[in-house]
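# Geometric and topological summary
Chain by chain, the residues:
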Amino acid sequence: MAATHLTASSISARNMVSFEGLRPSAVQFPCVGNVRVGNLTQRSFRGMVVKAATVVAPKYTSIKPLGDRVLVKIKEAEEKTEGGILLPSTAQTKPQGGEVVAIGEGKTFGKSKVDISVKAGEQVVYSKYAGTEVEFNGTKHLILKDDDIVGILNTDDAKDLKPLNDRVLIKVAEAEEKTAGGLLLTEATKEKPSVGTVIAVGPGPLDEEGNRKPLSVTPGNTVLYSKYAGNDFKGKDGSDYIALRASDVIAVLS
């Protein structure tokens, strides 16, 4: 068995945001033979680095995001199912939500200033893989841009999500149970639906002068949207919801 050693010193810092007093963690993973990634097969690389959460030195007591950035305390992944069954770490869903801890001063458009869309203390949902993860006071946080926040969710039910900016919340139509010929479909063969009903919409994107441009869809519209776009959620009622950008909505059906 060969081991691939991953160290912070072997990765290029180019294109990465740096903060004074932050130190990257080193990670080591065992590796055997070839590594399969999607449809590509790659052999193990010596000195390859996986970036873990950056750790803030204990001497620093606060983090102040700049510009249109937001500091979010990441919600911990669930360790048990609703029935109380313990989940292995590989089965735990990566958290995509957390509590806003601090916000930047906002964006400036010419002489106009636009404030951040969220406030400290609010519970938010953000895009997958967005932002820079940092460990501060022993807890994982994320520094991300205001535009990477999908919406505000102060309850534990997806239908209550308040979309931000150009995001739209859609209740997904149920998949067809039968083919046109009447054959029953199994769960594995049901096609992912790309039709749904708009539940809520954001205030719209900002134009060059910092004014909001209203979206072309409104709550109640039945829409067709791009497959595999956005962030999926499961509501307490068992329904599927998706939050995506208005540009991923293809058409309004009537």
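Residues numbered from 1 in each chain as written. Predicted model: local features only at pLDDT ≥ 70, side-chain atom pairs only at ≥ 80, totals over all residues. Heavy atoms only, no water.

Per an unreviewed UniProt entry, the recorded name for the protein chain is 20 kDa chaperonin, chloroplastic, and the organism is Crotalaria pallida. For the record of the protein chain, the UniProt heading Sequence similarities (unreviewed entry) holds the text "Belongs to the GroES chaperonin family." (UniProt positions renumbered as here; feature names shortened; annotations may be inferred.)

It is worth spelling out the environment of Ser216 at this point. Counting through the fold element by element, Ser216 comes out in the loop between β17 (195–201) and β18 (222–225). Here Ser216 falls in the exposed class, since its relative accessible area comes to 71%. The sequence separation of Ser216 and Ala246 amounts to 30 residues, and the corresponding C-alpha distance is 7.9 Å. (Helix = DSSP H or I, 4+ residues; strand = E, 2+ residues; numbered from the N terminus. Buried < 20%, exposed > 50% of the residue type's maximum accessible area, 1.4 Å probe, protein only.)

Before going further, it helps to spend a moment on the pattern of salt bridges. A complete count under the given rule lists nine salt bridges for this structure. Lys159 is paired through a salt bridge with Asp160; the nearest N and O atoms lie 3.3 Å apart. Assessed through its relative accessible area of 40%, Lys159 is described here as partly exposed. On the basis of relative accessibility, which here comes to 35%, the residue Asp160 falls in the partly exposed class. Arg167 serves as the salt-bridge partner of Asp166, at 4.0 Å between the closest nitrogen and oxygen. One exposure class covers both Asp166 and Arg167, and it is buried. Taken together, the shared-partner salt bridges in this structure form one network comprising Asp147, Asp166, Arg167 and Arg245. (Salt bridge = Lys/Arg side-chain N within 4 Å of Asp/Glu carboxyl O.)

On to the side chain of Asp146, then. Among the structural elements, Asp146 can be located in the loop between β13 (139–145) and β14 (149–152). At a separation of 3.0 Å, a polar atom in the side chain of Asp146 contacts the side chain of Ser117. Once residues lying within four places of it in the same chain are set aside, the contact partners of Asp146 are Asp68, Val70, Ile116, Ser117, Val118 and Asn165. (Polar contact = N/O pair within 3.5 Å; in protein donor to acceptor, adjacent residues only side chain to side chain. Contact = heavy atoms within 4.5 Å.)

Here strand β8 (residues 97–103) runs beside strand β11 (residues 123–126); their pairing, made up of three bridges, is antiparallel. Each bridged residue has a counterpart across the sheet, and for Gly97 the counterpart in β11 is Val125. The sheet contact formed by β11 and β14 spans three bridges and is antiparallel. Paired with Val124 across the strands is Ile152, a residue of β14. (Pairing = 2+ DSSP bridges.)

This part takes up the environment of Glu133. By the secondary structure assignment, Glu133 is in strand β12 (residues 132–136). In sequence terms Glu133 and Leu71 are 62 residues apart; their C-alpha atoms lie 9.7 Å from each other. Excluding anything up to four places from it in sequence, Glu133 contacts Ala53, Thr54, Ile74, Lys140, His141 and Leu142.

Let us now look at the environment of Asp147. Tracing the backbone through its elements, the reader meets Asp147 in the loop between β13 and β14. Counting along the chain gives 20 residues from Asp147 to Ser127, while the straight-line C-alpha distance between them is 9.3 Å. Within the structure, Asp147 has its side chain in polar contact with the side chain of Arg245 (distance 2.9 Å).

Moving on, we come to the pairing of β8. Relative to β8, strand β7 (residues 69–74) runs antiparallel, the two sharing five bridges. Looking at the pairing, Val72 lines up with Val100 of β8.

What follows deals with unusual backbone geometry. Phi is positive for Asn137, which is not a glycine, with a value near 55 degrees. Position of Asn137 relative to the elements: it lies in the loop between β12 and β13. The exposed category is assigned to Asn137, whose relative accessible area is 62%. Look at Tyr228: it is not a glycine, yet its phi comes out positive at around 70 degrees. Within the secondary structure, Tyr228 sits in the loop between β18 and β19 (231–234).

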